[in-house]
Amino acid sequence: MRITAYGTGTGLLVEPDTTVPLHDVPPATIKNLLATAGVLLLRGFTHTDLAAFTSLVQRTSTSTTLDPAREFYSEVAQKVDSGTDALGLHTENGNNPFRPHLVWFYCAKAARTGSQTTVCDGHRVWDALSAAAREAFTAQDIVYSRYVAEHQWKTMTHHLLDKTRPLEDITIEDLQNLLSTTPDTDIAAQPDGGITYAFRTPAAGPTLFGSRTAFANSLLGPSYNYEKPTITFADGSPLPDALLAEVESVTAGLTEEIDWRDGDVVVIDNTRVMHGRRAITDPNRTIFNALSYIEKK
């Protein structure tokens, strides 16, 4: 396989030297390259369809998770259907305690123009932030608080339990048991069956593959299909406008674009690299995604 730089950061483009089906890409190769690159673009492999994408995700991962607001198209793949507006940088599920290790995208049909997926390396962001900003994010965790509808939290819990309990039997106790090892999350049942939660987490920290600090979070992220979360510091104080403005400026300067082609697959270290999207200009664009863990979560 040919491995070359993609973009101006550490991202890598992986292409076959000869005819190689997508399902023959070794999982060990993906993990080893991802540890250095943070994001991989697999391009030019043959037999790139939803079945091959699903197989690659499953062979590389120990388990998968989901966005409960999206529909499944295979055992692991969900269609990206978050409207057409631009989406801010975020880590997938970064505003709740079930953040996956890896985010996968498969482009079944690329847009004719625009609609690029954006990526931003949290290592580079942390290094570029001012000393004052790094001090502010080091001194305190951040807290995401929001309401989640009943069918959404139950669907998530059902999947995280490997579907061992029927969806209709899921209770809030099942969710609380999943969170028993996550002391920084508080949940409260609501009269309509939904829940509210408060999730405390660092804005920056070590990654799946190393101890180097990465600024990887969902401070700028979207809330499509969900109530927008309230985001504060751990002491309840709001994040200063000047601090958020610096984050927006620094990340904008380090954001790169993935110009999709039919059959492309992208793998992102979700503990290091934030992603987003430019506005969709082609309604025929078709992209699927999957969320997974390398070790059992």
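For the structure, see preceding data.
Parameters and conventions
All residue numbers refer to positions counted from 1 along the written sequence of the respective chain. Only residues with pLDDT of at least 70 are given local features in this predicted model, and only at 80 or more are side-chain atom pairs given and counted; all residues enter the totals for whole chains, interfaces and linings. The basis for every side-chain value is the complete set of non-hydrogen atoms in the structure, without hydrogens or water. Here, the term nonpolar core denotes a set of buried Ala, Val, Leu, Ile, Met, Phe, Trp, Tyr and Cys residues that are joined through side-chain atoms within 4.5 Å. Whether a residue is buried, partly exposed or exposed follows from its accessible area with a 1.4 Å probe, protein chains only, as a fraction of its type maximum: under 20%, in between, or over 50%, in that order. The numbering of helices and of strands both runs from the N terminus, where a helix is a DSSP run of H or I of at least 4 residues and a strand a run of E of at least 2. Contact between two residues is taken to exist if any of their heavy atoms lie within 4.5 Å; hydrogens are not considered. When DSSP finds at least two bridges between two strands, those strands are taken to pair. Interaxial angle, 0 to 180 degrees, is taken between N-to-C directions of lines fitted to C-alpha atoms, where a helix line uses only the stretch in contact. Angular relationships are summarised with four words: roughly parallel below 35 degrees, roughly antiparallel beyond 145, roughly perpendicular across 65 to 115, and oblique for the angles in between. In this scheme the handedness of a crossing depends on how the near helix is turned from the far one: anticlockwise by less than a right angle means left-handed, clockwise means right-handed. Residues are sorted three ways: Asp, Glu, Lys and Arg are charged, Ala, Val, Leu, Ile, Met, Phe, Trp, Tyr, Cys and Pro are nonpolar, and all the rest, Gly among them, are polar.

Grouped together as the largest cluster of nonpolar side chains are 34 residues, with contacts concentrated most on V125, L129, F137 and F215. Counting residues per element, this core draws most heavily on helix α7 (residues 241–254), which supplies four residues. Not counting the four nearest positions on each side in its chain, F215 is found in contact with G122, V125, W126, L129, F137, A203, A204, V247, R272 and M274. Membership of the second largest hydrophobic core comes to 27 residues, among which are L22, A37, F45 and L50.

Taken in spatial order, the four strands line up as β6-β17-β8-β15 in an open sheet, and their pairing is antiparallel. Taken across any chain shown, the strands that pair with only one partner, and hence form the sheet edges, are β6 (87–90) and β15 (256–258). For this sheet, the mean inter-axis angle between neighbouring strands, taken without regard to orientation, is 25 degrees. Relative to strand β17 (residues 273–277), strand β8 (residues 117–121) runs antiparallel, the two being bridged by five bridges. Paired with C120 across the bridge in β17 is M274.

Across the interface, helix α4 (residues 131–139) lies against α7 with an axial gap of 11 Å and an inter-helix angle of 110 degrees. If you check the angle between α4 and α7, you find them roughly perpendicular. Remark: the crossing between α4 and α7 carries left-handed chirality. On the side of α4, the interface is formed by A133, A136 and F137, while α7 contributes L243, E246 and V247. Looking at the contact of α4 with α7, its residues break down into five nonpolar, no polar and one charged.

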